[in-house]
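Structural overview for review
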Amino acid sequence: MRIITRLHISTLFSIATVFIALAVTLLTFAQVNKASEEGKIAGAISRGIFELNILTNDYLLYHEKRSRVQWQLKHDSLSKLLSKLEFPKPEKLSILSNINENHEAMKSFFSQLLSCYERQNFDRGDTLHKQLENRLISQLLLKSQKMVSDASRLERKSHEELIAVQTRTNLLIMALIPILSAIIVANSFLAGRSIVKPIAKLHRGTEVIGKGNLDYKVGTESEDEIGQLSRAFDRMTINLKTVTASRDELDKEVAERKRGEEQLRQQFIRMNLLNQITRATTERKDIEGIFRVVLHQLEEQLPIDFGCVCFLDSVGDTLTVSSMGSKSRSFSDQLGIEQTTVIPVDENGLRRCVQGQTVYEPDITQVDTLFLKKLMQSGLRSVVGVPLAVENNVFGVLLTARRAKEAFSSVDCEFLRQLSENIALAVHNARLYEDLQKAYDVLCKTQQAIMEQARLRAMGQMALGLAHDINNALAPIMLYTESLLEGEQDLSERARRYLATIQTAAEDIANTVARLRGFYRKREEQIELRPVNLQQLIDQVIELTRPRWQNIPQKKGIVIDIKTDVPNELPLVLGVESDIRDAITNLIFNAVDAMPKGGTLTMRAGVKNLGLILDVIDTGIGMDEETRLHCLEPFYTKKGERGTGLGLAMVYGVMQRHEGEIEIESEPGKGATFRLIFPFREAPKTIPAAPPEGITKPSPLNILFIDDDPLVRKSLKNTLEMDGHKVQAADGGQAGLDAFHTAKERGEIFDVVITDLGMPYMDGQEVARMVKRESPGTPVILLTGWGTLITPQGETTPHVDRVLNKPPRLSKLRQTIMEVLESRPEEGIIEDESP
């Protein structure tokens, strides 16, 4: 019989035995529960009868209604309990029947007794009635005592039965436990004996055969699985004895297998190292970092004693050491090799390597080259050089060396060759990344430049509108100031000085407004340069900026002192006076902002080499290196909302236009020095002369002046009338044409028409066109607050003889009137940018 079958039969037999024992136990427990329930019911009957007996005695003694009602209720509840009970044993049924009979009899006697008590004509003294009452009471007491006795017997019987059932149950359980244990143990013993004994025999056979005795046989004859296994084991020993080789051959095979496993393990280590290096290099974007990671991994994991990476020059004749491993630096002094060392290719046997071949020198003592001799002198004996190439273009070489001879195997050389391909690819990617990053940076800078140009263009366009309004506002100031200085001879020297200061400030404002066009239109290449007295200019700027550096700080309790150190014989410098004045003004404003708690501002000038030096020195908070490098950039500011970032940028622009330089020296907490360097240049052969101040006034003329600004209209009309002209003013283009037509109809042709450019409904160019169409010989002067921006560079404005910028100077206006009277209409427009 098969072992599995025997095990199944044994298991089923054990399970059946357990189930039988369980069924018997459950049946016994059911009997115990039933006897327990019967005992509980008997107890309940006994308690009910006892309580009924007490109520009977209580009523017979006191005849209370309460006792009567309780007796009836208890009798009824006991009746219900007795009516539902059935006991299987006859003895209990007999007792229960007696209880029921006595219970019903008590009800009858109790009812008769109540009838006796309730009769209205009942006489307590009647002997018959007294005898009836005593007889009923005695019957009630007798029946009650019988019921108590029967209940006690019933309860005792139930208790005895429960004890008997529990005793039987305990005895049954005590008998079943050893029986079941014996059956299970016997079953297991029989089943195990048929299995363990053959297995032990088989185990002994394996030990004997393991010791080399191939003649041993198990010899089991059973037909079960163990018998089959034993016979198969015997056949195996026979086959093993036939085919087993000698122990020496087996040892050789084991040794060969171990060598193969070791080679496989080394190859796996190389592949893992290659993977680690590849992952590390792909995470880096800088070439030096890639080389550092590769050499470190080779020194630690391969390992090597010396390693370096060299770049090949464009010609292909020399290698330049780019990076060395951390451990390899110990050989630097001995080899005389460090980063940037140049190694000739042909003189050191590296030509094959730079041609794309892997070069392996197992013993460099047999090679006569200078570089390898240096390696040998430092204790190295074997060298491998592998090329670094991308798309067959070699750009470098990886050199590795060890102290022992023939220290590199073919696996090592192949590994280094594969590694060189990954290194070359990583370097190529790093270079591509650098090129891409540079292109991206250029793109960002270009985008930023375009955005700044767009911002400047937008600011310039807004500035043009402001320039028009500012020029209109400056026109009365300049006209009246010049008129007073020229015509009022009784002015005091102090008044003339004040008026001159006002005139200078107004001219500077006009020049500043004129430069606003530089925000979106390039400045003309030719700048009109004139000799500038820097000493006088410094004094003017100090006086003009006095409210900023003296008055405003003093209101806050802050004191700023200004010191000047300017030689009396300071040479003149060629430049644009208003531009230089603006540059110095911005530097003073910047210095004042840098001294929030007060300090000293020093203006120092001198001559050095071939230039004139102007230093603006403050004792303020100073600048860090980053701020110093970027402070000249447009819109760069550290002042928050108070700054525009254009002040120092304008200073830089002024110095660029004057072919000068600006130097900045500053440290945090130590103030700042801004140095302007103006080169000495030869004055132009012909310097355009300024308009003569005392030019002859033209003879009285009939002039039509058209302007929509009332202040400009009034101030220019008054100024021209002071020169003796007859001036008719119009407040718009249409009103001016109407006045022109009216005068022409009267035969009073205007000698000159002066018109503003920007006017509502009809601008100045349309007015000029209509005037020229009706009277081609009438000169037209276009007066504008837009500067020379009214026409593109190189184009002319038809129908206009001259263009004057606002605010006009009185001398320039007189000169222009005389020129247009002398010139022909066909001569076109001459643009004038001077204020």
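Residues numbered from 1 in each chain as written. Predicted model: local features only at pLDDT ≥ 70, side-chain atom pairs only at ≥ 80, totals over all residues. Heavy atoms only, no water.

1. What to know about the overall build of the chain
The helix and strand tally for the chain stands at 21 helices and 18 strands. When contacts within the chain are restricted to residue pairs at least 6 apart in sequence, long-range pairs at least 24 apart make up 68% of them. For the chain, the exposed area adds up to about 47,100 Å²; of that, 55% sits on carbon and sulfur atoms. (Helix = DSSP H or I, 4+ residues; strand = E, 2+ residues; numbered from the N terminus. Contact = heavy atoms within 4.5 Å. Areas by Shrake-Rupley, 256 points an atom, 1.4 Å probe, with all protein chains shown as cover.)

2. Section: the pairing of strand β15 (residues 726–730)
Every other side chain in a regular strand lies on the same face of the sheet, so the side chains alternate between the two faces. Sheet topology note: the strand β14 (residues 702–706)/β15 ladder contains five bridges and is parallel. Its bridge partner being in β15, F705 is matched across the sheet by A729. Assessed by its sense of winding, the connection that carries the chain from β14 through helix α18 (residues 710–722) to β15 is right-handed. (Pairing = 2+ DSSP bridges. Right-handed = clockwise from strand over helix to strand, strands pointing away.)

3. Quick word on helix α20 (residues 764–774)
Every buried residue of α20 is listed here: G764, V767, A768, M770, V771 and K772. Where α20 is buried, its residues meet β14, α19 (733–745), β16 (752–756) and β17 (780–784). (Buried < 20%, exposed > 50% of the residue type's maximum accessible area, 1.4 Å probe, protein only.)

4. A word on α18
Between the first and last C-alpha of α18 there are 18 Å, a value that for 13 residues agrees with the 18 Å anticipated at 1.5 Å per step. Residues V712, R713, S715, L716, T719 and L720 constitute the buried set of α18. Two to three positions downstream of the cap, the backbone nitrogen of L711 sits 3.0 Å from a side-chain oxygen, assigning the N-cap of α18 to D709. In the segment just after α18, G724 is the residue with positive phi, at about 95°. (Expected span 1.5 Å × (residues − 1). Polar contact = N/O pair within 3.5 Å; in protein donor to acceptor, adjacent residues only side chain to side chain.)

5. Remarks on a nonpolar patch on the surface
On the surface, L12, I15, F19, L22 and L26 cluster together to form a nonpolar patch covering roughly 520 Å² of accessible area. Counting through the fold element by element, F19 comes out in helix α1 (residues 3–62). The exposed category is assigned to F19, whose relative accessible area is 55%. (Patch = residues over 30% accessible without salt bridge, like charges linked within 9 Å, V, L, I, M, F, W, Y side chains within 5 Å. Salt bridge = Lys/Arg side-chain N within 4 Å of Asp/Glu carboxyl O.)

6. Some details on the sheet that holds strand β4 (residues 359–361)
With antiparallel pairing, the six strands of this open sheet are ordered in space as β3-β2-β1-β6-β5-β4. Bordering the open sheet on either side are β3 (342–344) and β4, each of which pairs with just one other strand. Sheet twist, expressed as the average angle between the axes of neighbouring strands with direction ignored, equals 25°. With nine bridges connecting them, strand β5 (residues 382–390) and strand β6 (residues 393–402) associate as antiparallel partners. When the sheet's bridge partners are listed, P387 is paired in β6 with V397. Each of β1 (306–312), β2 (318–324) and β6 is contacted by helix α7 (residues 287–301), which is oriented at about 75° to β2, the strand it contacts most. This element, helix α10 (residues 370–377), spans β1, β3, β4, β5 and β6 of the sheet and lies at about 130° to β5. (Axes fitted to C-alpha atoms, helices over the stretch in contact; angles between N-to-C directions.)

7. Regarding the confidence of the model for the chain
With 83% of its residues at a pLDDT of at least 70, the chain reaches an overall mean of 79. Taken together, the stretch residues 518–526 has pLDDT below 50 and engages in 21 contacts with residues farther than four places along the chain or on a different chain. pLDDT under 50 marks residues 824–835. Its contacts with residues more than four places away, or in other chains, come to 34 contacts. (pLDDT = per-residue confidence, 0-100.)

8. Considerations on the packing of helix α13 (residues 534–544) against helix α14 (residues 546–555)
Two elements in contact, α13 and α14, have axes whose closest approach is 5 Å; the angle formed by their N-to-C orientations is 35°. Between α13 and α14, the contacting residues are I542, E543 and L544 on the first element and R546, P547 and W549 on the second. Tallied by class, residues from the contact of α13 with α14 come to four nonpolar, no polar and two charged. (Nonpolar A, V, L, I, M, F, W, Y, C, P; charged D, E, K, R; others polar.)

9. A short note on the nonpolar core
L534, I538, I580, I584, I588, F674 and L676 are the most contacted members of the largest nonpolar core, which has 39 residues in total. Elements with a minimum of two residues in this core: α13, α15 (577–593), β10 (599–608), β11 (611–618), α17 (647–657), β12 (661–666) and β13 (672–679). In terms of residues, this core owes the most to one element, α15, which gives seven residues. Contact partners of F674, with chain neighbours within four places excluded, come to L587, N590, L614, D615, V616, M623, L648, I662, E663 and I664. By size, the runner-up hydrophobic cluster in this structure holds 28 residues, among which are L274, L295, V309 and V390. (Core = buried A, V, L, I, M, F, W, Y, C linked by side-chain atoms within 4.5 Å.)

10. Concerning the side chain of S775
Here S775 is to be found in the loop between α20 and β17. Ignoring any residue separated from it by four or fewer positions in sequence, one finds S775 in contact with F740 and I749.

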